[in-house]
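Breakdown of the fold
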There are 2 protein chains.
Amino acid sequence: MTTSANGRRRPPTIHDVAREAGVSRGTVSRFLNGGHYVSPAARRAVEAAIRKTGYVVNRHARSLSTGRSDSVAFLLTEPQEKFFEDPNFNVLLRGCTERLAQHDIPLLLMLAESDDDRRRLTRYITSGHVDGVLLLSNHSGDPVAAELHDAGIPLVVCGKPIGLGSKVSYVAAADREGAQEMVRHLLTGGRRRIGMVTGPLDMPGGPDRLAGYRDVLAEAGLPYDPALVVEGDFRRSGGERAARRLLAQAPDMDAVFVASDLMALGVVNVLQQAGRSVPGDITVGGFDDSPAATAIAPALTTMRQPFDRISAEMVRMLLAQIAGEDTAGVILPTELVVRDSA
Amino acid sequence: MTTSANGRRRPPTIHDVAREAGVSRGTVSRFLNGGHYVSPAARRAVEAAIRKTGYVVNRHARSLSTGRSDSVAFLLTEPQEKFFEDPNFNVLLRGCTERLAQHDIPLLLMLAESDDDRRRLTRYITSGHVDGVLLLSNHSGDPVAAELHDAGIPLVVCGKPIGLGSKVSYVAAADREGAQEMVRHLLTGGRRRIGMVTGPLDMPGGPDRLAGYRDVLAEAGLPYDPALVVEGDFRRSGGERAARRLLAQAPDMDAVFVASDLMALGVVNVLQQAGRSVPGDITVGGFDDSPAATAIAPALTTMRQPFDRISAEMVRMLLAQIAGEDTAGVILPTELVVRDSA
DNA sequence: CTGAAAGCGCTTACAG
DNA sequence: CTGAAAGCGCTTACAG
């Protein structure tokens, strides 16, 4: 630390390091950026000088010079932000933050609630303030993914973006296969009138999990009964509403597959209030393995989404794109977690 | 947008705007920074030029020039990050992000889990990469607040930092008064053997809520019975453990004040499993009014923490500090929310 | 009110 | 392998 006239500390610059090490600033910079074309002697001198001065690179100067920002946005768009209550969100945000930190890349959190926000943030992002975007937005109507993609911004979406085809890189869990496995598990328990609470059908995780449910019904030679299927909204309250409808439409239901744990909380609650025991009268299978799964009695049998792997993969792919590589879609397997509800 | 030889878009610079407007770059810059000393004619020309070119300021260049980063860190330190499951965290993070966005200031999310992380981040922060820090860290042993404060970094802590006295600016809820109000409410219901599950006593919200409980007991002429008080950890599982101990130590307990909603979830669960009805046999009062409060049956009577105001106040104070003003501690009132559990 | 110019701290061809 | 130098896009005294 150098102290200037006014007593405020002035952080050491590359110049201070160069002087201390007896080399040019160019050499220090080369050392900082991979150490190519730096002699062992120079390297040692620079290392010592950095230690002595406590030098830390000024990222603004570096970014101005390189045109890269060395930071990444984690963007949550309007429809999705409602799911801020969703514990999955935390797990993903945290996973991405940690992975990026390993690469010394700060994460900028951005929330786009209104159209105004969306425009402002798209502008901010396309102006080069971040090198890439991790996007949590899945409603099919959301234009953000397409906008960013078209602007050439490195982008990885969480969940398979409906309608964008293979244009955009994404990381998703194996929704269909996971749903299949859960419904097979319910069947194994001897149940035959299996209901389902789906996610919104315009979001990833909506149609695919429903498809998995239908796959297994067909596979088992059971009829598809529309009275057994209700669309939910991935929220707890939506699970409650759905359960009430199912109870009314299909009172003989003996099992139910709920497309998210949060909704399953609501479902179990309503079933119990209606005097149905879980898993005695009705077995319940969830999806996510979120903290919510163990927050109720009975603890929820569910399909675990590999959130750690999802965030790791998102970050890996984004960094690859930033480095100029092409990336595609990745689908990660889910895992059945058997607890008490089914 | 200007297109350079290689076909990549080059964002317009202040230079492009100046040329377009027929003024100097200095004039454009003055317009950008408050518009002082800019004639109406020049202002109009610059406005038009900005619109035409689609100019957006390059923050790296600005930061390099001004020494400010125009960004802020939201820092979660090790002990606190365990509470990532805590829905309160989401509400605060979101509130701060929104408020900062209104000032066009990006929020950098930082997680310090290990001592290594802590050192790295402290270094990052004190190197001027952010203008200030919003800190969620409350364990009394946590050195981060003191470190940042001593380094002269603008800093606002969420929750009253134990042990730092009035050195550090903070925003907190009125824990003691809130606890008093809840315990009075339980008394009003006619209960006399009122238990308490506290938070960790080395965290804000720990001792103060306990103090409020004792205040009202004394006020009502009731004895303080240590068998009725168990320390929790602000987690759901800790609430369960605490409830089991209370049931064993004080089987005649007829009400319980739980220092967080998440713990209250666990408490209600254990009480019900033990065959005690809520609120029939035992009334339960929580603290927070988190989404968890309405996630159980019966819905939880609780003290609402004004999280929106807390995050707004944190941001306001931090910006004031960055602008050179002094700020102190702020305590915001809580509000009793009566539902079904008490 | 305005322009010319220095300077912020880096990186990166370029010439050696 | 190394140094000198240009350049990244802004802001801000300074002189007018």
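Residues numbered from 1 in each chain as written. Chains lettered and ligands numbered in written order. Predicted model: local features only at pLDDT ≥ 70, side-chain atom pairs only at ≥ 80, totals over all residues. Heavy atoms only, no water.

**Considering the protein's contact with DNA strand C**
Counted only if it meets this: Proximity is defined per residue: any heavy atom of the residue falling within 4 Å of a molecule or strand makes that residue near it. We define a polar contact as two N or O atoms separated by no more than 3.5 Å, with the added condition that, inside protein, one atom must be a possible hydrogen donor and the other a possible acceptor, whereas residues neighbouring each other in sequence contribute only through side-chain atom pairs. What counts as a helix is a DSSP run of H or I of at least four residues, what counts as a strand is a run of E of at least two, and both are numbered from the N terminus. Side-chain classes are defined by residue name, with Ala, Val, Leu, Ile, Met, Phe, Trp, Tyr, Cys and Pro counting as nonpolar, Asp, Glu, Lys and Arg as charged, and the others, Gly among them, as polar.
Around DNA strand C sit 25 residues in total, of which Ile14(A), Ser29(A), Arg62(A), Ser65(A) and Ser39(B) are the nearest. The contact in question runs from a phosphate oxygen of DNA strand C to an N or O atom on the side chain of Thr27(B), over 2.7 Å. When contributions to the surface near DNA strand C are tallied by element, the ones reaching two or more residues are helix 2 (25-32) and helix 4 (59-66) of chain A together with helix 2 (25-32) and helix 4 (59-66) of chain B. For the surface near DNA strand C, the residue count by class is 10 nonpolar, 11 polar and 4 charged.

**Focus: the protein's contact with DNA strand D**
Around DNA strand D there are 25 residues in total, and Ser39(A), Ile14(B), Ser29(B), Arg62(B) and Ser65(B) lie nearest to it. Each atom of DNA strand D within 4 Å of the protein was assigned to sugar, phosphate or base; sugar and phosphate come to 62%. In this structure, Arg30(A) approaches DNA strand D through a side-chain N or O atom, which is 2.7 Å from a base oxygen. Between DNA strand D and Ser39(A), the relevant distance is 2.5 Å, taken from a phosphate oxygen to a side-chain nitrogen or oxygen of the residue. Elements with a contribution of two residues or more to the surface near DNA strand D: helix 2 and helix 4 of chain A together with helix 2 and helix 4 of chain B. The class makeup of the residues in the surface near DNA strand D is 10 nonpolar, 11 polar and 4 charged.

**A word on the relation of the copies chain A and chain B**
Rules: For the least-squares superposition of copies, only C-alpha atoms count, and only for residues with pLDDT at least 70 in both. When checking whether two residues touch, look at their non-hydrogen atoms; a contact exists if any pair is within 4.5 Å.
For these two chains of identical sequence, chain A goes onto chain B by a turn of 180° and a shift of 0.0 Å along the axis, with RMSD 0.0 Å. In short, the pair behaves as if placed about a two-fold rotation axis. Interface residue correspondence from chain A to chain B reaches 100%, placing this contact among same-surface, isologous pairings.

**Comments concerning the pattern of salt bridges**
Side-chain pairs of opposite charge can arise whenever the charged atoms involved come near each other. Counted only if it meets this: By convention in these notes, a salt bridge is any Lys or Arg side-chain nitrogen within 4 Å of a carboxyl oxygen on Asp or Glu. The rule is simple: take the accessible area with a 1.4 Å probe, protein chains only, and divide by the maximum for that residue type; under 20% is buried, over 50% is exposed, in between is partly exposed.
Taken as a whole, this structure holds 46 salt bridges over all chains when the rule is applied. Its salt-bridge partner being Arg184(A), residue Glu219(A) comes within 2.7 Å of it at the nearest N-O pair. Within this pair, whereas Glu219(A) is found in helix 10 (residues 207-219), its partner Arg184(A) is found in helix 9 (residues 175-188), the two being separated by 35 residues in sequence. A salt bridge links Asp16(B) to Arg19(B), with the nearest nitrogen and oxygen atoms 3.3 Å apart. On the criterion of helical spacing, the pair formed by Asp16(B) and Arg19(B) is a turn pair, its members being 3 residues apart in helix 1 (residues 14-21). Take Asp16(B): its relative accessible area is 9%, and that puts it in the buried class.

**Points about the interface of chain A and chain B**
The test is simple: What counts as buried area is the accessible surface, traced by a 1.4 Å probe, that two parts surrender upon association, with contributions from both included.
Contacts between the two partners involve 44 residues from chain A and, on the opposite side, 44 residues from chain B. For the pair chain A and chain B, the summed buried surface comes to about 3,700 Å²; carbon and sulfur atoms form 55% of the total. Put simply, chain A and chain B have 2 salt bridges between them. Here Arg94(B) ties to Glu113(A) by a salt bridge, and the two come within 2.3 Å at their closest N and O atoms.

**So, the nonpolar core**
Where we set the bar: Nine residue types can take part in a nonpolar core, namely buried Ala, Val, Leu, Ile, Met, Phe, Trp, Tyr and Cys, and a core is a set of them joined through side-chain atoms within 4.5 Å.
Core analysis: the biggest nonpolar cluster contains 54 residues, and Phe74(A), Leu134(A), Ile310(A), Phe74(B), Leu134(B) and Ile310(B) have the highest contact counts within it. Of all hydrophobic cores here, the second largest spans 46 residues; its members include Met182(B), Leu187(B), Ala242(B) and Phe287(B).

**Quick notes on helix 13 (residues 307-322) of chain B**
All names here are of chain B. For clarity, the cut-off: What a helix is expected to span follows from its residue count: subtract one and scale by 1.5 Å.
Between its terminal C-alpha atoms helix 13 stretches 22 Å, which fits the 22 Å expected from 16 residues at 1.5 Å a residue. Within helix 13, 12 of the 16 residues are buried, which leaves the element mostly enclosed by the surrounding structure. Within helix 13, burial applies to Phe 307, Ile 310, Ser 311, Ala 312, Glu 313, Met 314, Val 315, Met 317, Leu 318, Leu 319, Ala 320 and Gln 321. Immediately beyond the C-terminal end of helix 13, within one or two residues, lies Gly 324, with a positive phi of roughly 100°.

**Points about the sheet that holds strand 10 (residues 255-258) of chain B**
All names here are of chain B. Here is the rule we go by: When DSSP finds two or more bridges between two strands, those strands count as paired. For every element, the axis is a line fit to its C-alpha atoms; helices are fit only across the contacting stretch, and the angle between N-to-C directions ranges from 0 to 180 degrees.
Strands sit in the order 9-8-10-11-12-14 across an open sheet of 6 strands; the sheet is mixed. If you trace the sheet from one side to the other, it starts and ends with strand 9 (229-231) and strand 14 (335-337), each paired once. Each strand of the sheet is rotated relative to its neighbour by a mean of 15°, with strand direction disregarded. Of the pairings in the sheet, the one linking strand 12 (residues 301-304) to strand 14 comprises 3 bridges and is antiparallel in character. Its bridge partner being in strand 14, Met 303 is matched across the sheet by Leu 336. Packed on one face of the sheet, helix 10 (residues 207-219) meets strand 8 (194-198), strand 9, strand 10 and strand 11 (283-288) and runs near 170° to strand 8.

**A closer look at the sheet that holds strand 12 (residues 301-304) of chain A**
All names here are of chain A. On the basis of which strands lie adjacent, the open sheet formed by 6 strands has the order 9-8-10-11-12-14 and mixed pairing. With one partner strand each, in any of the chains shown, strand 9 (229-231) and strand 14 (335-337) form the two edges of the open sheet. Taking each pair of neighbouring strands and ignoring which way they run, the sheet shows an average axis angle of 15°. Pairing of strand 8 (residues 194-198) with strand 9, which is carried by 3 bridges, proceeds in the parallel orientation. Opposite Val 197, over in strand 9, you have Val 230 as the bridge partner.

**Section: the side chain of Gln180(A)**
Note that Gln180(A) resides in helix 9. Ignoring sequence-local partners within four residues, the contact set of Gln180(A) consists of Gly212(A), Asp215(A) and Val216(A).

**Section: the state of the cysteines**
Simply put, the disulfide is a covalent bond whose two ends are the sulfur atoms of two cysteines. Filter applied, for reference: When two cysteine sulfur atoms are found within 2.5 Å, that pair is recorded as a disulfide.
Under the definition given, this model contains 0 disulfides over all chains. In this structure Cys96(A) is a free cysteine whose sulfur lies 7.7 Å from that of Cys158(A), the closest cysteine sulfur available.

**Quick look at the confidence of the model for chain A**
Rule in force here: A score between 0 and 100, pLDDT records how confident the predictor is in each residue.
Across chain A, the average pLDDT comes to 89, with 93% of residues at or above 70. Of the regions scoring below 50 in pLDDT, residues 1-8 of chain A engages in 10 contacts with residues more than four places distant in sequence or in other chains.

**Some words on the packing of helix 6 (residues 87-102) of chain A against helix 13 (residues 307-322) of chain A**
Residues and elements named next belong to chain A. Inclusion rule: In this scheme, roughly parallel covers angles under 35 degrees and roughly antiparallel covers those over 145, while 65 to 115 is roughly perpendicular and the rest are oblique. Put simply, a crossing is left-handed when the front helix is turned counterclockwise from the back one by less than a right angle, and right-handed when it is turned clockwise.
For the pair helix 6 and helix 13, interaxial distance at closest approach is 8 Å and the crossing angle is 45°. With respect to helix 13, the element helix 6 is oriented oblique. The crossing of helix 6 and helix 13 is right-handed. Mapping the contact onto sequence places Asn 88, Val 91, Leu 92, Gly 95, Cys 96, Arg 99 and Leu 100 in helix 6 and Phe 307, Asp 308, Ile 310, Ser 311, Ala 312, Val 315 and Leu 319 in helix 13. Looking at the contact of helix 6 with helix 13, its residues break down into 9 nonpolar, 3 polar and 2 charged.

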